[in-house]
Amino acid sequence: MMYKKVHYDLPFNNDSNSKYMPIILGFLTTLCCLSIALVSSINHMTKNWESEIDQKYTFEIQFPIDTSKNKIESLKEQLSSIIQSSEDISSYEIIPSTELIKYISPWLGDTTEFSELPLPILVNLNFRSEKSPMNTTLIDQLSEHNISGFFHDYAAWSSSIFSFTHQLVLGIGIVMVAVFVITSVLIIYITNSSLTTHLPIIKFMHCIGADDRYIVQQFQKYTNKLALIGGLLGLFFSAICLIIFHFTTKNIESIFFPQLYFSLPFLLYLLLTPMVMILISQYTTKVNINLHLKKLF
Amino acid sequence: MLKDICLNITPGSFFFLKGASGAGKSSLLKLIYLDHAATNGDVFILGKNTKLISRQERAAIKQEIGIVFQESLLLNHLSVFDNVALPLRFQNRPDKEIKEYVYELLHWVGLGGYVDSFPPTLSGGQQQRVAIARSVISHPKILIADEPTGNVDDQIAVRLINLFEELNKTGTTVIIATHNEQLMEDFGYPKLVLSNSQIKLESQSRQIISEVRA
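These figures come from a predicted structure and were not determined experimentally. Per chain, the residues get numbers from 1 upward, laid out in the order the sequence is written. The order in which chains are written sets their letters, starting at A; the order in which ligands are written sets their numbers, starting at 1. Two thresholds apply to this predicted model, a pLDDT of at least 70 for residue-level local features and 80 or more for giving and counting side-chain atom pairs, whereas whole-chain, interface and lining totals are computed over all residues.

K.L.:
Would you explain the overall build of chain A in this entry?
P.N.:
By definition, any uninterrupted DSSP run of H or I lasting at least four residues is a helix, any uninterrupted run of E lasting at least two residues is a strand, and each is numbered from the N terminus. Helix and strand counts for chain A stand at eight helices and four strands. Of the regular secondary structure in chain A, the N- to C-terminal order runs α-β-α-β-α-β-α-β-α-α-α-α. Every C-beta atom is placed from the backbone, and the number of other C-beta atoms within 10 Å of a residue's own sets its class: buried at 20 or more, exposed at 12 or fewer, partly exposed in between. Counting over 297 residues, chain A shows a buried share of 24%.

So this is what it looks like as structure tokens:
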């Protein structure tokens, strides 16, 4: 396909006010793209959490002080056989003591004698149905064997975490709306100053037969070009930012730190951002120039 | 200021408009090419009352009117080609057609070799011919020229009027405002004279101008 240079009848290339506009629009696009990336990654992270903790409970038996190590092991075996016989449990895992020590060692320090600590027995349980553990036969079976303990429910914790992430996504959404509004305001500023600069030529063009649609199209061609350059610049910079972010955070092991993830729709949103900037510029230009032309002539 | 003027122009006519400075020649022409609106009374252009038309209709009427000013009023940032092509671009004509018409017109005004030149590099006469080419390229129904020969020598002035005559032969109504008595005498077309805000026809020809009433 042959490259065809965009023809302007108005001397837009001399407009000094729009000189840095692609850079500003590029920055706004970058902000928008990074917001999309963040929303995508947070969504992915919360979905992972949701699937990991859904119908999961931890059953805890507090350490009985006068119980010997052998008795604890037999208690674990007894517990294991009760759980296996329960129809409500799809899978379970008795957390080994070594694993428990790993969890508490950062707080107690390396010098602690962990073997002497009264560690509880923790069992991760996956329930088949959406029933609360209290409504299952497991409770009766545990009572029959005089095993008492309590269930840790993750629902409350996850609910507050999800509420926080939803607020975060909402905040990012507000940032994106702000980006679009600022883009519109910038386009209005550019077109207003350009209109003032080229007013004599526009009046002359009107005089020799140019209609409003033609004048608007001239401005639209120009602002579309600025938005396209800004959009592509922004996409390029956001790609660089995301690559740097990806490699910097690759080695950070934290479930709270979102790893970059793009589902297909989010990748499309990201690639469509320059197009959105063009659409905003096109619409804003049309409305603004039409309003001014009606006031002027 | 113009007062109590009734002027009915027959399509295809050719006449000069004369009058002292400030007599209202430009005002009358501006009323015709819709740059001004009448404070009182009605102006009908191409059968439409200019007070009752929409912005779109106004632009459409303007596209049927070619205007040549005393100053050529070319856009210096555009080439000769692009200046002449403007009215066709307003009408959203295809590029191929625009190219064909512009080349044809520029040859007609004797500027075939200046297609890619820019107005500041042309002489006054050449600029005026470019302006004429621009004003007639869309084959307007009315051609208005406001002192078109004011800034050119007599030889070029005659040539410009010859171009207007050629256009008139194709059915375009031509109205030329001028001070140049010699030119008006040489060509002998009817003269509309504006004086004291009134208008009168100096060379009676009811075939060309059906009615002039002061």
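Now, onward.
K.L.:
What is the right way to read the sheet that holds strand S5 (residues 65-68) of chain B from this model?
P.N.:
Within a sheet, each strand pairs with its neighbour through backbone hydrogen bonds, oriented either parallel or antiparallel. Residues and elements named next belong to chain B. Pairing between strands requires that DSSP locate at least two bridges from one strand to the other. Strands sit in the order S5-S6-S7-S2-S8-S9 across an open sheet of six strands; the sheet is mixed. This sheet does not close on itself; its edge strands, each paired only once, are S5 and strand S9 (198-201). Neighbour-to-neighbour, the strand axes of this sheet turn through a mean angle of 20°, independent of strand direction. Judged from the four bridges that link them, strand S2 (residues 14-19) and strand S7 (residues 173-177) form a sheet pairing that is parallel. The residue of S7 that forms the bridge with Leu 17 is Ala 177. Strand contacts of helix H5 (residues 124-136): S5 and strand S6 (142-146), with the helix running at about 170° to S5, the strand carrying the most contacts. In the packing of helix H6 (residues 154-169) onto the sheet, the strands contacted are S2, S6 and S7, and the crossing angle to S7 comes to about 155°. Angles shown run from 0 to 180 degrees and are taken between the N-to-C directions of axes, each axis being a line fitted to C-alpha atoms and, for helices, limited to the stretch in contact. Two residues qualify as a contact pair if the distance between their C-beta atoms, derived from the backbone, is within 7 Å.

K.L.:
Just to check I follow, could you spell out the confidence of the model for chain B for this structure?
P.N.:
Interpretation of the predicted coordinates at a detailed level should be avoided for regions scoring low in pLDDT. Residues and elements named next belong to chain B. Residue-level confidence of the predictor is what pLDDT reports, using numbers from 0 through 100. Confidence in the prediction of chain B, expressed as mean pLDDT, is 85, and 94% of residues score 70 or more. Element-level pLDDT for chain B is lowest in strand S10 (residues 211-213), with a mean of 52, against a maximum mean of 94 in helix H3 (residues 80-90). Model confidence for the complex is summarised by a pTM of 0.76, with the ipTM given as 0.84.

K.L.:
Before we go on, may I ask you to explain the interface of chain B and chain A in this structure?
P.N.:
Interfaces are often described in size by the accessible area the parts lose on coming together. Listed as interface residues are 15 residues of chain B and, on the opposing side, 11 residues of chain A. Contributing elements (two or more residues each) for the side of chain B that touches chain A: helix H2 (55-62) and H3 of chain B. Of the residues that constitute the side of chain B that touches chain A, the class distribution is eight nonpolar, three polar and four charged. Residue classes follow a fixed rule: Ala, Val, Leu, Ile, Met, Phe, Trp, Tyr, Cys and Pro count as nonpolar, while Asp, Glu, Lys and Arg count as charged, and any other residue, Gly among them, counts as polar.

K.L.:
Would you explain the domain arrangement of chain A in this entry?
P.N.:
By domain assignment, chain A separates into domain 1 (12-51 + 158-296) and domain 2 (63-148). Reported domain spans reflect what an automatic or database domain assignment gives. Here domain 1 of chain A and domain 2 of chain A have C-alpha centroids that lie 54 Å from each other.

K.L.:
What exactly am I supposed to notice about the domain arrangement of chain B here?
P.N.:
Residues and elements named next belong to chain B. Per the domain assignment, the segments of chain B are domain 1 (1-64 + 142-214) and domain 2 (74-139). Relative to domain 2, the C-alpha centre of domain 1 lies at a distance of 23 Å. Each side of the interface is counted separately: domain 1 has nine residues, and domain 2 has 11 residues. At four residues, H6 tops the list of elements feeding residues into the side of domain 1 that touches domain 2. Its residues assigned to classes, the side of domain 1 that touches domain 2 shows seven nonpolar, two polar and no charged.

K.L.:
Before we go on, may I ask you to explain unusual backbone geometry in this structure?
P.N.:
For residues other than glycine, phi is negative in most cases, and the peptide bonds are mostly trans. All names here are of chain B. For Leu 46, which is not glycine, the phi dihedral falls at a positive 50°. If you trace the backbone, Leu 46 turns up in the loop between strand S3 (44-45) and strand S4 (48-49). Residue classification places Leu 46 among the partly exposed residues on the basis of 13 C-beta atoms within 10 Å. Within the chain, His 139 stands out as a residue other than glycine whose phi angle is a positive 50°. Looking at where His 139 falls in the secondary structure, it is placed in the loop between H5 and S6. For His 139, a count of 14 C-beta atoms within 10 Å translates into the label partly exposed.

K.L.:
I would appreciate a short explanation of the nonpolar core in the present structure.
P.N.:
Soluble globular proteins: nonpolar side chains tend toward being buried together. What we call a nonpolar core is a set of buried Ala, Val, Leu, Ile, Met, Phe, Trp, Tyr and Cys residues whose membership is set by joining through C-beta atoms within 7 Å. If you look at the biggest cluster of nonpolar residues, it comprises 86 residues, and the most contacted ones within it are Leu 17, Val 84, Ala 133, Ile 144 and Phe 164 of chain B. Every residue in contact with Val 84 of chain B, bar those within four places of it in the chain, is listed here: Val 102, Leu 105, Leu 106, Val 130, Ala 133, Arg 134 and Ile 137 of chain B. Core analysis: the next-biggest nonpolar cluster, separate from the first, contains 11 residues, Ile 121, Val 123, Phe 127 and Leu 142 of chain A among them.

K.L.:
Is there a simple way to explain the pairing of S9 of chain B in this structure?
P.N.:
Moving residue by residue along a regular strand, the side chains alternate between the two faces of the sheet. Residue and element names in this part refer to chain B. Strand direction decides the pairing type here: strand S8 (residues 191-195) and S9, joined by four bridges, are antiparallel. Residue pairing across strands places Leu 192 opposite Leu 201, the latter belonging to S9. Between the end of S8 and the start of S9, which pair antiparallel, lie two residues, with Asn 196 showing a positive phi angle near 50°.

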